[in-house]
Amino acid sequence: MTAISAKNLRKTYGEVRALDGLSVAVDRGELYGFLGPNGAGKTTTMEILTGQLRPDAGHLEVLGTDPSMEPVATRERVGILPEQLSPPSFLTPREYFDFVGRVRDLDEMTVRDRVATWADRLGYAGTLDTLCADLSRGQQQKVMVTQAFLHEPAAVFIDEPLANLDPIVQERVKRALREYAAADNAVFVSTHNVEVAQDICTRVGIVSDGRIVAERAAEAFAEDSLLDVFLETVETADPADSAGQTATSDSDSASSPPGGA
Ligand SMILES: Nc1ncnc2c1ncn2[C@@H]1O[C@H](COP(=O)(O)OP(=O)(O)OP(=O)(O)O)[C@@H](O)[C@H]1O
């Protein structure tokens, strides 16, 4: 069942064309990798899919809502972990989760149980009562991973999930993401790291210049290295265009993805 669907998304920031007819669909049960270089349009797409930003054009459906028309309803249903966002420095993780639990309409017992499960899974139970200001970047990232899953959303959007984590915790987060997707949820992971995408995702879409240029299911990774596909599809883009494609440039003629995605 499709959980996340975007068709023909377009978005410009002034003269910069960030999304140029991007389409993507993710089913429940999939761990989808949204893989692309800097400036490809990943954050813009994530913000549109989670009701934080309106597209100029395109059709959207996320868990039965239209994020551009019903942003609050979308944000209630999904989990979001933006890149490089920290928990409030003046709260402890436990206090922060109490706050998130109230926003997410969860009772205290549920919050306590789920926090205990995630703290144990990611190995930070000992820092639940430490001020977030005194946590390392990696410890703060564990807190932010937890908040995205606290209300057990059927779709979760995560930007660079493994940033700042040591290898042991990386493995724990990878396993948690796989298990979460396998339990009939859609997990949408944005990353520029080919190895991460290849390692954890059930399907990967390569985004470049604001559109999907190739898509591969995990079964195809062995015969067709994702790194090769990434280099072939992304390197062909003109570097002069890739980071600052202007809305007035004539790139529409090149908008068909070679991968047919
Ligand atoms: N608020 C903004 N104002 C102007 N231009 C923007 C804004 N946000 C993004 N852009 C531009 O839109 C394009 C896509 O940016 P976006 O942040 O979506 O890419 P990204 O794939 O997330 O990049 P990165 O991996 O570096 O985070 C880039 O050219 C970027 O400079």
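Just so you know, the residues in each chain are numbered from 1, in the order the chain's sequence is written. Only residues with pLDDT of at least 70 get local features here, since the model is predicted, and only at 80 or more are side-chain atom pairs given and counted; chain-wide, interface and lining totals rely on the full set of residues.

As named in an unreviewed UniProt entry, the protein chain is ABC-2 type transport system ATP-binding protein, taken from Halopenitus malekzadehii.

Caption draft 1: Here's a closer look at the packing of helix H4 (residues 108-122) against helix H5 (residues 137-149). The contact between H4 and H5 brings their axes to 10 Å, and the two run at 140°. Put simply, H4 runs oblique to H5. Here the hand of the crossing between H4 and H5 comes out right-handed. Across the interface between the two elements, Val115, Trp118 and Leu122 from H4 touch Lys142, Val145, Thr146 and Phe149 from H5. All amino acids are sorted into three groups, where Ala, Val, Leu, Ile, Met, Phe, Trp, Tyr, Cys and Pro are nonpolar, Asp, Glu, Lys and Arg are charged, and the leftover types, Gly among them, are polar. The residue makeup of the contact of H4 with H5, split by class, is five nonpolar, one polar and one charged. Axis angles are defined between N-to-C directions and span 0 to 180 degrees, where every axis is a line fitted to C-alpha atoms and, for a helix, only to the segment in contact. Every helix listed is a DSSP run of H or I at least four residues long, and every strand listed is a run of E at least two residues long, numbered separately from the N terminus. Oblique is the label for every angle not falling under 35 degrees (roughly parallel), over 145 degrees (roughly antiparallel), or within 65 to 115 degrees (roughly perpendicular). Crossings are assigned a handedness: left-handed for a near helix turned anticlockwise from the far helix by less than a right angle, right-handed for a clockwise turn. Contacts are defined on C-beta atoms placed from the backbone: any two residues whose C-beta positions lie within 7 Å are in contact.

Caption draft 2: How the structure looks around the sheet that holds strand E5 (residues 78-81). Here a strand pair is declared whenever DSSP counts at least two bridges between the two strands. An order of E5-E6-E7-E3-E8-E9 is seen for the six strands of this open sheet, with the pairing classed as mixed. Each of the sheet's edge strands pairs with one partner strand only, and the pair in question is E5 and strand E9 (211-217). Averaged over all neighbouring strand pairs, the angle between strand axes comes to 15°, with direction disregarded. Here strand E3 (residues 31-35) pairs with strand E7 (residues 186-191) via five bridges, running parallel. Bridging across to E7, Phe34 finds its partner in Ser190. Of the strands in this sheet, E5 and strand E6 (155-159) are in contact with H5, which crosses E5 at around 165°.

Caption draft 3: Examining unusual backbone geometry more closely. At Asp105, a position not held by glycine, the phi torsion is positive, near 65°. With respect to the helices and strands, the residue Asp105 is situated in the loop between helix H3 (93-103) and H4. At Glu160, a position not held by glycine, the phi torsion is positive, near 45°. By the element assignment, Glu160 lies in the loop between E6 and helix H6 (167-182).

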